[in-house]
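Remarks on the overall topology
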Amino acid sequence: MVVRYRMSEGDSVGDSVHGKPSVVYRFFTRLGQIYQSWLDKSTPYTAVRWVVTLGLSFVYMVRVYLLQGWYIVTYALGIYHLNLFIAFLSPKVDPSLMEDSDDGPSLPTKQNEEFRPFIRRLPEFKFWHAATKGILVAMACTFFEAFNVPVFWPILVMYFIMLFCITMKRQIKHMIKYRYIPFTHGKRTYRGKEDAGKTFAS
């Protein structure tokens, strides 16, 4: 019984026989730490991040055009990006669920109401990260013939355009109905003509 108990301790995930993390576990842990460190460093560089993502998108589209295939992968990537974009434009708390309730935060509807910044369902950084990973996964799929499903690509293009128009129309109607704009640039400040430049000392 004692020997069996000791063997079960050594067989835990990521542990060696002596109870220490295995080399593979330490390697992937270190790799994840380096990856997270680079993500943290790239957080303030919004424009640079999106330029890189657009560049990857361009490279992917050129590759698909030259290969003349993998259209179903491209369609799936477009649907995935559309869902991310809708989540990016949507508020974290749906106003329709709080229309008849006074609990929780709500979006300001009048100019003299207290300033409330727009809180997204999907923050910008997570949107960028997920979109970039989607492009890289789609790029990797183009190296495998199993994902090259024969399909008449003009139908996919027409269906995607129709789906995009319907989805954006519904989102715009939602924004108009509940009177919110998914972009905020900070709190507005108002100054009187006579008070500008004056300081008050206690």
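This is a predicted model, so every value here is computed, not measured.

**Quick look at the UniProt feature "transmembrane region" (unreviewed entry) in the protein chain**
In the numbering adopted here, UniProt assigns the feature "transmembrane region" (unreviewed entry) to residues 47-66, 72-89 and 151-168. Secondary structure content for residues 47-66 is 100% helix and 0% strand, and the end C-alpha separation is 29 Å. Annotation note: span residues 72-89, helix share 100%, strand share 0%, distance between end C-alpha atoms 26 Å.

**Section: the packing of aromatic side chains**
A full pass over the atoms with the stated rule returns 9 aromatic pairs. With 6.4 Å between their ring centres and 75 degrees between their planes, F144 and F147 make a pair best called edge-to-face. Take F144: its relative accessible area is 48%, and that puts it in the partly exposed class. Aromatic rings pair up to connect W50, F85, F88 and F127 into one cluster. Over the ring of W128 we find R49; its NZ or CZ atom is 4.9 Å from the centre of that ring. A cation over an aromatic ring shows up here: R63 above the ring of F143, its NZ or CZ 4.1 Å from the ring centre.

**Quick look at a nonpolar patch on the surface**
Together, F58, V59, V62, Y65 and L66 make up an exposed nonpolar region whose accessible area comes to about 560 Å². Take Y65: it is sitting in helix α3 (residues 46-67).

**Remarks on the confidence of the model for the protein chain**
Averaged over all residues, the pLDDT of the protein chain is 80; the fraction at 70 or higher stands at 72%. Note on residues 189-197: pLDDT is under 50 here. Beyond four places in sequence and across chains, it has 2 contacts.

**Describing the pattern of salt bridges**
Under the defined criterion, the tally for this structure stands at 1 salt bridge. Taking the shortest distance from any N to any O, the salt bridge between E124 and R49 comes out at 3.1 Å. Linking E124 in helix α5 (residues 124-141) with R49 in helix α3, this pair joins segments that are 75 residues apart in sequence.

Basis of the calculations
Chains are numbered independently. Their residues run from 1 in the order of the written sequence. Reporting of local features is limited, given that this is a predicted model, to residues whose pLDDT is at least 70; pairs of side-chain atoms are given and counted only at 80 or more, and all residues count toward the totals for whole chains, interfaces and linings. The side-chain numbers reported here are obtained from all heavy atoms of the structure, hydrogens and water having been left aside. UniProt positions are given in the numbering used here, feature names are shortened, and annotations may be inferred rather than shown by experiment. Only DSSP runs of H or I covering at least 4 residues are called helices, and only runs of E covering at least 2 are called strands; the numbering of each starts at the N terminus. Each Phe, Tyr or Trp ring (for Trp, its six-membered ring) is paired with any other whose centre lies within 6.5 Å, and the angle between the two planes then decides the class: stacked below 30 degrees, edge-to-face above 60, tilted in between. Categorising residues by exposure relies on relative accessible area from a 1.4 Å probe, with only protein chains included: less than 20% of the type maximum marks a residue as buried, more than 50% marks it as exposed, and the intermediate range marks it as partly exposed. Should the NZ of a Lys or the CZ of an Arg lie within 6 Å of a ring centre and within 35 degrees of the ring normal, that charge is described as sitting over the ring. In this analysis, a patch consists of residues with relative accessible area above 30% that form no salt bridge, clustered at 9 Å for like charges and at 5 Å for the nonpolar side chains Val, Leu, Ile, Met, Phe, Trp and Tyr. Only the protein chains shown count as cover for residues, and all accessible areas are computed by the Shrake-Rupley method using a 1.4 Å probe. Only one rule defines a salt bridge in this text: a Lys or Arg side-chain nitrogen within 4 Å of an Asp or Glu carboxyl oxygen. Per residue, pLDDT measures the predictor's confidence, with a range of 0 to 100. The contact criterion used throughout is that any non-hydrogen atoms of two residues lie within 4.5 Å.

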